[in-house]
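Here is what each chain is made of, one letter per residue.
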Amino acid sequence: INHIVHNGGLYKRPFNEAFEETPMLVAVLTYVGYGVLTLFGYLRDFMRQWKIEKCQNATEREEQKDFVPLYQDFENFYNRNLYMRIRDSWNRPICSVPGAKVDMMERVSHDYNWTFTYTGRVIKDIINMGSYNYLGFAQKTGACQEAAAKVLSQYGAGVCSTRQEMGNLDKHEELEKLVARFLGVESAMAYGMGFATNSMNIPALVGKGCLILSDELNHASLVLGARLSGATIRIFKHNNMQSLEKLLKDAIVHGQPRTRRPWKKILILVEGIYSMEGSIVRLPEVIALKKKYKSYLYLDEAHSIGALGPSGRGVVEYFGLSPEDVDVMMGTFTKSFGAAGGYIGGKKELIDYLRTYSHSAAYATSMSPPVVEQIITSVKCIMGEDGTTIGRARVQQLAENTRYFRRRLKEMGFIIYGNEDSPVVPLMLYMPAKIGAFGREMLKRNIGVVVVGFPATPIIESRARFCLSAAHTKEMLDTALKEINEVGDLLQLKYSRRRLVPLLDRPFDETTYEETED
């Protein structure tokens, strides 16, 4: 499905996303492949039960047989019989900085991936196409490393307390003021873990009697935070504004179930860049709906901050919008900034409230000082406050790398998902056998890639996910593209027929936003 939007007065730039339809034959063969694997799984379970095959999965001890089962046998069926066949494609240990190239420890398995042993050999200079090192700040030399090392010698590695007790350093205050300036908001607060920034703060913002409208492809941290909040959760189709508006209308017309009282709050949860699809949120339309129906907007910019916009300020800047239109701006320091942790930015009243009521603020240990300094130095570099143009050059380099890499893959005939400006590039594999095969073949050619399958994706939409970086040179990308092309021919992955049809039946326009039939 291909959709280009440049209308309604909301978009100041073309918005081009592609989600090509899965070929029917490929879909059928993928289901057949999973069917065959499932049948063989039942056969192997039968053989394990009768001790014909050695059972290596977790089982109940004999004296616990009368207890309620601790290990649900059927729940582990997929792990045991499908995932285990290709387990060598994940958790590969690297022993270097996760920069443009990495060193990886070689390992082998003699029992079909149940256990691994290390050979002692290190595979050198693997081109890293999997890390979220968007701006290339994951490095062991340069200004960031020197600044972090200096702070380490002054403050040490840990704080050993929470922000509300003895763990509030001057470095934390400096970071939060800098992040607020970078985002263009009144105030900001930093947290030690990106996942917990979502899962621990959403329950502080909404609760019973509130309604959360969540995109169906939102990250697990947003899903967990929504569930922990106790609020009612309703899901809208991915990036589909008709679906979102229908839920908003229903929420306002019907109110809460049974009592029909108005909802205390309605909170829309969306991401800037969706890390499995490579798609960018349709933020101008989401904000238009938010204003029209007087709801709140929570924007997760984990993958988009630093990676989008002329000066790396994320999806808000990418669309030329005002940060004031987003009620809660969340993001992480783990990707573009080469560090760890997350932040929430917004109005001063919001941040003051979270400082008191957020579980992450009250119970979590403060951020490590060297990590804080890494973020401060990288943000200043992006903003140009270090007196150089290195930061802006990196943002531009990432944009060029993204467009070049996506264009070349499409020309080769692969099905590529997502927005043309997204540095997350999913290449569709579909069939279960090709997940492991692609990862192994690329590693043989000294290219490190991430492959993803069910349950992280729909069962027929397994994929390889490339993450581009400003640290990638054109020579590195050309080398990777050459090997991807070769492996694509070997595994017959060039499924694209370029059958591009509109994502929505009609373009967005505020005056024509009415309920549509499915």
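Definitions and limits used
- Residues numbered from 1 in each chain as written.
- Predicted model: local features only at pLDDT ≥ 70, side-chain atom pairs only at ≥ 80, totals over all residues.
- Heavy atoms only, no water.
- Helix = DSSP H or I, 4+ residues; strand = E, 2+ residues; numbered from the N terminus.
- Rg over C-alpha atoms; globule rule 2.2 N^0.38 Å.
- Buried < 20%, exposed > 50% of the residue type's maximum accessible area, 1.4 Å probe, protein only.
- Contact = heavy atoms within 4.5 Å.
- Areas by Shrake-Rupley, 256 points an atom, 1.4 Å probe, with all protein chains shown as cover.
- Lys, Arg positive; Asp, Glu negative; His and termini not counted.
- Charge placed at Lys NZ, Arg CZ, Asp CG, Glu CD.
- Pairing = 2+ DSSP bridges.
- Axes fitted to C-alpha atoms, helices over the stretch in contact; angles between N-to-C directions.

A.B. asks: Even after reading the chapter, I still don't get the overall build of the protein chain, so can you show me in this structure?
C.D. replies: Within the protein chain, the regular secondary structure consists of 15 helices and 16 strands. For 518 residues, the compact-globule formula gives about 24 Å, and the C-alpha radius of gyration of the protein chain, at 24 Å, lands near that figure. Dimensions of the protein chain, computed from the C-alpha atoms along their principal axes, are close to 65 × 60 × 60 Å. Taken across its 518 residues, the protein chain has 54% of its residues classed as buried. For the protein chain, restricting intrachain contacts to residue pairs at least 6 apart in sequence, the fraction spanning at least 24 positions comes to 70%. A total of about 24300 Å² of accessible surface is found on the protein chain, and carbon and sulfur atoms cover 56% of it. Of the side-chain charges in the protein chain, 64 are positive and 59 negative, and the distance between the mean point of each set is 1 Å.

A.B. asks: What exactly am I supposed to notice about the sheet that holds strand E16 (residues 462-467) here?
C.D. replies: Strands pair in a sheet through their backbones, by hydrogen bonds, and they do so in one of two ways: parallel or antiparallel. Strands sit in the order E13-E16-E15 across an open sheet of three strands; the sheet is antiparallel. Of all the strands in the sheet, the pair left with one neighbour each is strand E13 (424-430) and strand E15 (450-452). Sheet twist, expressed as the average angle between the axes of neighbouring strands with direction ignored, equals 25°. With six bridges joining them, E13 and E16 adopt antiparallel strand pairing. Residue pairing for E16: Met-428 is matched across the bridge by Arg-463. The strands touched by helix H13 (residues 390-412) are E13 and E16; relative to E13, the strand with the most contacts, the crossing angle is about 20°.

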